[in-house]
Amino acid sequence: TAIAIGDFYQGGVVFYIFQSGDTGYIDGETHGLIAAVADQSSGIQWYNGSYVTTGATATDVGTGSANTDAIIAAQGATETSYAAGLARAYTGGGYTDWFLPSKDELSEMQTNKATINTTASENSGSDFGVRFYWSSTEENNQYAWEMSIDSGSVVWYDKGSSNGVRAVRAF
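Definitions and cut-offs
- Residues numbered from 1 in each chain as written.
- Predicted model: local features only at pLDDT ≥ 70, side-chain atom pairs only at ≥ 80, totals over all residues.
- Heavy atoms only, no water.
- Phe/Tyr/Trp six-rings, centres within 6.5 Å; stacked < 30°, edge-to-face > 60°.
- Helix = DSSP H or I, 4+ residues; strand = E, 2+ residues; numbered from the N terminus.
- Buried < 20%, exposed > 50% of the residue type's maximum accessible area, 1.4 Å probe, protein only.
- Lys NZ or Arg CZ within 6 Å of the ring centre and 35° of its normal.
- Salt bridge = Lys/Arg side-chain N within 4 Å of Asp/Glu carboxyl O.
- Core = buried A, V, L, I, M, F, W, Y, C linked by side-chain atoms within 4.5 Å.
- Contact = heavy atoms within 4.5 Å.
- Pairing = 2+ DSSP bridges.
- Axes fitted to C-alpha atoms, helices over the stretch in contact; angles between N-to-C directions.

Peer 1: What exactly am I supposed to notice about the packing of aromatic side chains here?
Peer 2: A complete count under the given rule lists six aromatic pairs for this structure. Consider the rings of tyrosine 143 and tryptophan 156, whose centres lie 4.3 Å apart with planes at 55°: the pair is tilted. Of the two residues, tyrosine 143 is situated in strand β6 (residues 143-148) and tryptophan 156 in strand β7 (residues 154-158); the sequence distance between them amounts to 13 residues. Residue classification places tryptophan 156 among the partly exposed residues on the basis of a relative accessible area of 42%. When the ring centre of tryptophan 145 is taken as origin, the NZ or CZ atom of lysine 103, which lies over that ring, is 3.8 Å away. Above the plane of the ring of tryptophan 98 lies arginine 169, whose end atom (NZ or CZ) is 5.9 Å from the centre.

Structure representation (structure tokens):
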């Protein structure tokens, strides 16, 4: 059967199907992104306490995993004291390849938040719990992009501020 947005699949909720031009798109195959069924944090800082440039500047769908890798490489071993480390440490559904979504991936989550909430609640998860969520996309050494899951507004914010985390993974 075809995989569709809103399906509970591989530990989470399908919220995006890759399209031609997306990183991760393979002609003739179905791949996309899955959101965790619950928040990993309602408030955690983006950085590990040091204002450094991580190189995690990609915004496009399909780039969140590479951004997360860059953040962890610059910020230190995967830890649960900052957003990217916490997302990577998540093991929902038995998978270990979760990551902090890129700016555009987070936007797709916001677009499909009602569907994510419904499917998550039906599968022992929960609705998005906070207003602002971190993306893996940084602006510079001090700021990273966040999104209001309620309104869809996207702004850069101080990396030391506290925002929510909802991990994603590709399939």
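Back to the text.
Peer 1: I would appreciate a short explanation of the pattern of salt bridges in the present structure.
Peer 2: Opposite charge on two side chains makes pairing possible when the charged atoms of those side chains draw close. Within the structure shown, the criterion is met by four salt bridges. Note that aspartate 69 and arginine 88 form a salt bridge whose closest N and O atoms lie 2.4 Å from each other. Within this pair, whereas aspartate 69 is found in helix α1 (residues 64-75), its partner arginine 88 is found in helix α2 (residues 83-89), the two being separated by 19 residues in sequence. Using a relative accessible area of 16% as the deciding quantity, one classes arginine 88 as buried. The salt bridge involving lysine 159 is made with glutamate 138; its shortest N-O contact spans 2.5 Å. Here lysine 159 is found in the loop between β7 and β8 (163-165), whereas its partner glutamate 138 is found in strand β5 (residues 132-138), with 21 residues between them in sequence. The burial state of lysine 159 is the same as that of glutamate 138; both residues are buried.

Peer 1: When you look at the nonpolar core in this model, what are you seeing that I'm missing?
Peer 2: Grouped burial of nonpolar side chains is what soluble globular proteins tend to show. In this structure, Phe15, Leu33, Trp46, Leu100, Met109 and Ile116 are the most contacted members of the largest nonpolar core, which totals 41 residues. Only β2 (12-17), β3 (32-35), α1, α2, α3 (103-111), α4 (113-122), β5 and β6 provide two or more residues apiece to this core. Residues contacting phenylalanine 15, with those up to four places away along its chain left out, are Ile5, Leu33, Ile34, Ala35, Glu105, Glu108, Met109, Asn112, Ile116 and Val168.

Peer 1: Whenever I open this one, the sheet that holds strand β9 (residues 168-170) confuses me. Can you help?
Peer 2: Hydrogen bonds between backbone atoms are what pair the strands of a sheet, whose relative direction is either parallel or antiparallel. Read across the open sheet, the four strands follow the order β1-β2-β3-β9; overall the sheet is antiparallel. Looking at the sheet topology across the chains shown, the edges are occupied by β1 (8-9) and β9. In this structure, β3 lies alongside β9, joined through three bridges in antiparallel fashion. What sits directly across from leucine 33, in β9, is alanine 170. Lying on the sheet, α3 is in contact with β2, β3 and β9; it crosses β2 at an angle near 110°. The sheet contacts of α4 involve β1, β2 and β3, and relative to β2 the element is tilted by about 155°.

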